[in-house]
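Summary of structural features
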Amino acid sequence: MKNSQTLQVGLGDRSYPIFIADGVMAEIGADLATRDIATRYAVISDDQVAALYGSTLMRSLEKAGLQAELITFPHGEASKNLQLFADLCSKLAQIGLDRKCGLIALGGGVTGDLTGFLAATYQRGIPFVQVPTTLLAQVDSSVGGKTGVDIPEGKNLVGAFYQPKAVYIDTAVLLTLPRTELLGGLGEVIKYGVIRDPDFFVFLEREIDTILGLQPPVIQKMIHHCCRIKAEVVAADEREADLRRILNFGHTIGHAVEAASDFSIIHGHAVAIGMVAALRLAVADGLCKKQDAGRVAALINAYGLPTEIPAELDRIRIKGYLKIDKKSIGGRVAYVLPTGIGEVLITDEVSEAQVDAVLNRLG
Ligand code: NAD
Ligand code: GLY
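Everything quoted here is computed from the prediction, not taken from an experiment.

**Some remarks on the UniProt feature "binding site: Zn(2+)" (unreviewed entry) in the protein chain**
- Mapped onto this structure's residue numbering, the UniProt feature "binding site: Zn(2+)" (unreviewed entry) falls at Glu188, His251 and His267. Taken along the chain, the residues just named run across 80 residues; in space they keep tight, none of their C-alpha pairs more than 9.9 Å apart.
- Along the chain, the position of Glu188 falls in helix H6 (residues 179-196).
- With near-sequence residues (within four places) excluded, Glu188 lies in contact with Leu136, Val139, Asp140, His251, His267 and Val271.
- Turning to its location among the elements, His251 is positioned in helix H10 (residues 251-260).
- Look at His251 and you get buried, because its relative accessible area is 6%.
- Side-chain polar atoms of His251 contact the side chain of Glu188, separated by 3.2 Å.

See below:
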């Protein structure tokens, strides 16, 4: 695709391209028309994103001769549920979408996860394309094929691994993203530097002002780095048997903090707190130098993200959520702990006393 940075997620005959460019939204139709994916699409989007970008995408599809309908749902995590999933299945059937058709997810991680799960299951699987519009979705959720919905017992407990056919990342859409959502995405961006790439970490330290100022070339470079790391990890371990678990750095305590705050602390901010907590566990265990942990906490802070669990959050509730963490195996909670900047190990040998010490210190 013209003027875009391109990379590939290498999964054999399920490999797919990721295109990153400022303004790519208007080019999607022309590019899709050259690919043998589908001739008719349903674009799924939340109401807010549809109001901002629905018409640009629909025009681009129509101009390229692709038939498309826009289907919207109320924005927010509360929509990522089985009832809305069922309603959307009915809607697809009512408009006569068949196995030759495809879906396009236009939106953040909620839209991507929901649409991906619809694509994985509607008529036993139809193709889909990701057009992520939050930073979190651009650097993380649109790549790698994790799809699904929440149930009352927990987030993402029903879903499927199902890869998209292409990912189109338009960095211009970040200009309308609320600041708190942008910062949340930056939490996931910092994660990549800590788990896998010390040079990228230095880049993030150097470019704080340009990144927070959303300067296009730097933002594109940053997103490209993150997608490259995610693509490498997913290609090596698509179903999270081993290596992919490193992407959960900061998520163990992070998820528990998010849930204990009744989701008033949004995901990326909770992950930032969880990363600092994991670093403190690593320092206490002698795995990581205090100086490295300090550097990560300083970077998180410089990007305007929290590093401490708010004092008012109930530690007992946090520990309760840790015990039912989806990533725990045989009742033992798994932690991703840095051994330095750019390297992590995964261990379930963290004692309750160590966790208590970190939870209480943070308060
Ligand atoms: P989201 O999809 O709810 O988007 C956040 C808000 O931003 C919404 O209100 C949306 O309407 C608005 N928005 C989106 N793009 C916008 C834009 N360009 N301008 C203005 N407003 C915009 O949330 P999210 O943070 O993108 O995603 C969170 C979800 O992603 C969670 O459900 C989480 O479980 C999931 N997730 C999935 C994976 C994965 O690998 N599949 C990874 C991480 C997170
Ligand atoms: N967001 C974690 C993963 O895709 O594995």
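Next comes the rest of the description.
**Observations concerning H6**
- With 18 residues, H6 extends 26 Å from end C-alpha to end C-alpha; this agrees with the ideal 26 Å at 1.5 Å per step.
- H6 sits mainly inside the fold: 14 of its 18 residues count as buried.

**Topic: the site of ligand 2**
- Around ligand 2 sit Asp140, Lys146, Lys230, Glu240, Arg244 and Leu247, and that is every residue in its neighbourhood.
- Residue Asp140 places a side-chain N or O atom 3.1 Å away from a nitrogen atom belonging to ligand 2.
- For ligand 2, the accessible surface in isolation is 200 Å², of which the surrounding protein chains cover 87%.
- Taken together, the residues of the shell around ligand 2 sort by class into one nonpolar, no polar and five charged.

**With respect to the site of ligand 1**
- Taken together, 26 residues lie around ligand 1, and Glu77, Gly109, Thr133, Thr134 and Thr176 are the ones closest in.
- Take Glu77: an N or O atom from its side chain is 2.6 Å from an oxygen atom of ligand 1.
- Protein chains bury 89% of the 870 Å² of accessible surface belonging to ligand 1 in isolation.
- If you list the elements that add at least two residues to the shell around ligand 1, you get helix H2 (47-63), helix H4 (109-121), helix H5 (135-141) and strand S8 (154-161).
- Looking at which element gives the most residues to the shell around ligand 1, the answer is H2, with four residues.
- Of the residues belonging to the shell around ligand 1, the class tally is eight nonpolar, nine polar and nine charged.

**Points about the packing of helix H7 (residues 198-206) against helix H9 (residues 216-236)**
- Interhelical geometry of H7 versus H9 gives an angle of 155 degrees and a closest axis separation of 11 Å. Between H7 and H9, the angle is such that the two are roughly antiparallel. In this structure, H7 crosses over H9, and the sense of that crossing is left-handed. Residue-level inspection shows Phe200, Phe203 and Leu204 of H7 in contact with H9, the latter providing Val218, Lys221, Met222, His225 and Cys226.
- In terms of residue class, the contact of H7 with H9 is made up of six nonpolar, one polar and one charged.

Definitions and cut-offs
Residues numbered from 1 in each chain as written. Chains lettered and ligands numbered in written order. Predicted model: local features only at pLDDT ≥ 70, side-chain atom pairs only at ≥ 80, totals over all residues. Heavy atoms only, no water. UniProt positions renumbered as here; feature names shortened; annotations may be inferred. Helix = DSSP H or I, 4+ residues; strand = E, 2+ residues; numbered from the N terminus. Contact = heavy atoms within 4.5 Å. Buried < 20%, exposed > 50% of the residue type's maximum accessible area, 1.4 Å probe, protein only. Polar contact = N/O pair within 3.5 Å; in protein donor to acceptor, adjacent residues only side chain to side chain. Expected span 1.5 Å × (residues − 1). Near = heavy atom within 4 Å. Areas by Shrake-Rupley, 256 points an atom, 1.4 Å probe, with all protein chains shown as cover. Nonpolar A, V, L, I, M, F, W, Y, C, P; charged D, E, K, R; others polar. Axes fitted to C-alpha atoms, helices over the stretch in contact; angles between N-to-C directions. Parallel < 35°, antiparallel > 145°, perpendicular 65-115°, else oblique. Left-handed = near helix turned anticlockwise from the far one by under 90°.

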